[in-house]
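Notes for the structure review
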Amino acid sequence: MQAEQEDRFQEFVRARWSHLVRTAYLLTGDAHHAEDLTQTALAKAYRSWRRVSRSDNPEAYVRRMLVSCNSDRFRKRRVREALTAAPPERAGRDETYAWADERSALLPALAELPPRQRAVVVMRYWEDLSEAEVAEVLGCSAGTVKSQASKGLAKLRAYPGLAGVMGGSDRSQVSNGGTQR
C-alpha cells in the first residue's frame with residue numbers, strides 16, 4: 001500500500017474505531033469479541049483499502065464487513081455461543097464501553113435475538129440506517145429487513161427486562177438503547 005493510502009486508512013481507523021467497536025459490541029454482546037471482530041473487519045478493509053476508499057461510503061463498506069465477519073464466526077464454529085446478561089468485571093472502567101453499562105436492560109434482550117435479527121435491530125435502530133441501507137449492508141431485500149426488524153422488535157417487547165423501555169413508540173424507544181443521544 002502506498003504511503004498516502006496508508007495514511008488515509010490510519011486516519012479512517014482513528015476516526016471510526018470506537019464507533020465500529022460499539023456496533024460490534026451490540027452484535028456480539030462481548031467486549032473482547034467486539035474488539036476482535038472490529039480488528040478482523042479492519043484487517044480485511046486494509047487489504048482492499050483502495051476499493052473500500054473509492055466507495056461512496058467507506059464506513060458503510062466496513063460496517064458490512066463487520067456484519068459479515070460476525071456471521072462467519074457462527075458459520076465456522078457451528079457451536080452455539082451463550083451470551084451473558086452482564087459483562088465480566090474489569091479492573092478499571094473503560095469509557096469505550098461505559099455507554100453500554102447504562103443500557104443494561106437492552107443487552108440481555110439483544111443477546112436473545114438470533115444473529116440476523118440482532119444485526120437488523122442494531123443497524124436499523126441503533127445505527128439509525130434506513131431499511132435500504134440495512135438491506136445493502138446485509139445483502140438482502142428491504143422486505144427481509146422489515147420482517148426481521150418486526151420479529152426482533154416483537155421479541156424485544158416480550159422481554160421482561162424491557163417493559164419500561166419499550167412502552168411507547170418502537171422507533172424512539174429502541175433507538176439508542178432507549179435514551180436520546
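The paragraphs below set out a description of the structure included in this document. (Residues numbered from 1 in each chain as written. Predicted model: local features only at pLDDT ≥ 70, side-chain atom pairs only at ≥ 80, totals over all residues. Heavy atoms only, no water.)

**Re helix α9 (residues 142–158)**
Put simply, the rule is: The helix and strand labels rest on DSSP assignments: H or I over at least four residues marks a helix, E over at least two residues marks a strand, and numbering proceeds from the N terminus. Expected helix span is computed as 1.5 Å times (number of residues minus one). Working definition: with a 1.4 Å probe on protein chains only, accessible area under 20% of the residue-type maximum means buried, over 50% means exposed, and in between means partly exposed. The arc in question is the one traced by the directions running from the helix axis out to the C-beta atoms.
With 17 residues, α9 should cover 24 Å at 1.5 Å per step; its first-to-last C-alpha distance of 24 Å lies within 8% of that length. All buried positions along α9 are accounted for by V145, Q148, A149, G152, L153 and L156. Looking straight down α9, one finds its buried side chains confined to an arc of 135 degrees; they lie on one side.

**Some points on the packing of helix α7 (residues 115–126) against α9**
Rule in force here: Between N-to-C directions, angles span 0 to 180 degrees; the directions come from axes that are lines fitted to C-alpha atoms, helices contributing only their stretch in contact. For classification purposes, angles smaller than 35 degrees are called roughly parallel, those larger than 145 roughly antiparallel, those between 65 and 115 roughly perpendicular, and all remaining angles oblique. Two residues qualify as a contact provided that any one of their heavy atoms is within 4.5 Å of a heavy atom in the partner residue. Gly is placed with the polar residues, together with every amino acid not listed as nonpolar (Ala, Val, Leu, Ile, Met, Phe, Trp, Tyr, Cys and Pro) or charged (Asp, Glu, Lys and Arg).
In the contact formed by α7 and α9, the axes pass within 8 Å of each other and the chain directions differ by 95 degrees. In terms of orientation, α7 and α9 fall into the roughly perpendicular class. Listed contacts from α9 to R116, Q117, V120, V121 and Y125 of α7 are T144, V145, Q148, A149, K151, G152, L153, K155 and L156. Within the contact of α7 with α9, the residues separate by chemical class into seven nonpolar, four polar and three charged.

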